[in-house]
Amino acid sequence: MDRFDAMQAFARVVDTGSFTKAAQTLHMSRTTVTQLVQQLEARLRVRLLNRTTRQVNVTADGAAYYARVIRLLADIDDAETSLSSAASAPRGRLRVDVPAPFARLVLVPALRDFLARYPEIQLDLGVSDRHVDLIDENVDCVIRGGQITDQSLVARHIGDLPAAIHASPAYLQQAGLPAHPQDLEQAPHRVVGYLRSRSGTVLPYTLQRGDEQVTVRGRQLLAVDDGNAYLAAGVAGLGALWLPDYMAAPHLAAGELVRLFPGWHIDAMPLYLAFPPNRHVSAKLRVFIDWVARLVAQHMPPTGP
């Protein structure tokens, strides 16, 4: 048994959920893939996969082994590409996790350009606002708004997100136009809260006008932990929103949102791309970092350190 082939076959079965699909992508027969996985299980003396006539599921031992295997296969692929002419044509699997609104409004619309430039990179895009453990989940990099507090990560500042408070015309018709940010603390006004994924708490926001500075949490009847749901709630009139300009712009143009408190300023939110310090910056990760930094600069250039 070739252990490399066996690990690759096992990983591909887990990825595709099928021996047949794994065989097709590896250009092997289904019988060969099945035998490789069986030989691997025999060598390890554990069952990696549960098989039925309709589906294949990874066992608990198989899931733990899979996490180690894909990391090893990625390292081997990086080593090969770094020592060959392939370094000028990056290839391999790249796992990236980004916030849902950023994916929908900025990244995904531009991906055709990236994939055309680097056709041999397979991009696995996780779209979520949750906290991602890059090591345990074998993610190459994440893009996140706000300060990166995890000191175990290398963070590159790629942009800043100017923001303001907005509300829908339906909300303003029902609750009235707030004259001061502190009005959002009292009925009939309300805000949609955005829950931080790690703590489950809602961030307050600080606004400044000249020498006057106020911190507002707002009266909350609804809080969500997803950026797209947060935006949808505001457009539906469920409360005022603290929104980055890139998220608000299309809805302002369509008349679905109104910017509140002219003359008040909110500090821009920094945008970071982060990756583990012990993760080799492969050719595929390096070109993605450079490409996304250029993309963000077109939409939200950095204004601070």
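Attention here is on the structure that accompanies the text. (Residues numbered from 1 in each chain as written. Predicted model: local features only at pLDDT ≥ 70, side-chain atom pairs only at ≥ 80, totals over all residues. Heavy atoms only, no water.)

Some words on the side chain of Ser128
No. 1: Considering the arrangement of structural elements, one finds Ser128 in the loop between β4 (121–127) and β5 (141–145).
No. 2: We classify Ser128 as buried; its relative accessible area is 13%.
No. 3: Residues within four places of Ser128 in sequence aside, it is in contact with Asp97, Val98, Pro99, Ala100 and Arg144. (Helix = DSSP H or I, 4+ residues; strand = E, 2+ residues; numbered from the N terminus. Buried < 20%, exposed > 50% of the residue type's maximum accessible area, 1.4 Å probe, protein only. Contact = heavy atoms within 4.5 Å.)

Describing the pairing of strand β3 (residues 92–98)
No. 1: Buried residues dominate β3, accounting for six of its seven residues.
No. 2: Sheet topology note: the β3/β4 ladder contains seven bridges and is parallel. Across the sheet, Asp97 pairs through a bridge with Gly126, a residue of β4.
No. 3: The pairing of β3 with β5 spans two bridges and is parallel. Paired with Val96 across the strands is Cys141, a residue of β5. (Pairing = 2+ DSSP bridges.)

Some thoughts on the packing of aromatic side chains
No. 1: Counting across every chain of the model gives eight aromatic pairs.
No. 2: With a centroid separation of 5.1 Å and 50 degrees between ring planes, the pair formed by Phe114 and Trp291 is classed as tilted. Placement of Phe114 in helix α5 (residues 100–117) and of Trp291 in helix α9 (residues 283–299) is noted, with a sequence separation of 177 residues between them. When sorted by exposure, Phe114 lands in the same class as Trp291, which is buried.
No. 3: By the ring-pair criterion, three or more aromatic residues cluster together here, those being Phe114, Tyr118, Phe288 and Trp291. (Phe/Tyr/Trp six-rings, centres within 6.5 Å; stacked < 30°, edge-to-face > 60°.)

A look at the packing of α5 against helix α7 (residues 227–235)
No. 1: For the pair α5 and α7, the least separation of the axes is 6 Å and the interaxial angle reads 80 degrees. The orientation of α5 relative to α7 falls into the category roughly perpendicular. Contact residues: α5 offers Ala100, Pro101 and Arg104, while α7 offers Gly227, Asn228 and Leu231.
No. 2: Split into classes, the residues belonging to the contact of α5 with α7 amount to three nonpolar, two polar and one charged. (Axes fitted to C-alpha atoms, helices over the stretch in contact; angles between N-to-C directions. Parallel < 35°, antiparallel > 145°, perpendicular 65-115°, else oblique. Nonpolar A, V, L, I, M, F, W, Y, C, P; charged D, E, K, R; others polar.)

Some thoughts on the layout of surface pockets
No. 1: Of the pockets and cavities examined, the largest pocket occupies roughly 1,400 Å³.
No. 2: Gly145, Gly146, Gln147, Leu203 and Met269 are the residues nearest the centre of the largest pocket, which is lined by 42 residues in total.
No. 3: Going through the elements one at a time, α5, β5, β6 (154–167), β8 (205–209), α7, β11 (241–244), α8 (245–253) and β13 (265–275) are the ones with two or more residues in the lining of the largest pocket.
No. 4: Considering only residue class, the lining of the largest pocket consists of 26 nonpolar, nine polar and seven charged. (1 Å grid on protein atoms, 1.4 Å probe; cavity = no way out; pocket = protein on both sides within 12 Å on 5 of 7 lines; lining within 4 Å. Points joined across faces, edges and corners; volume = space filled by probe spheres on them.)

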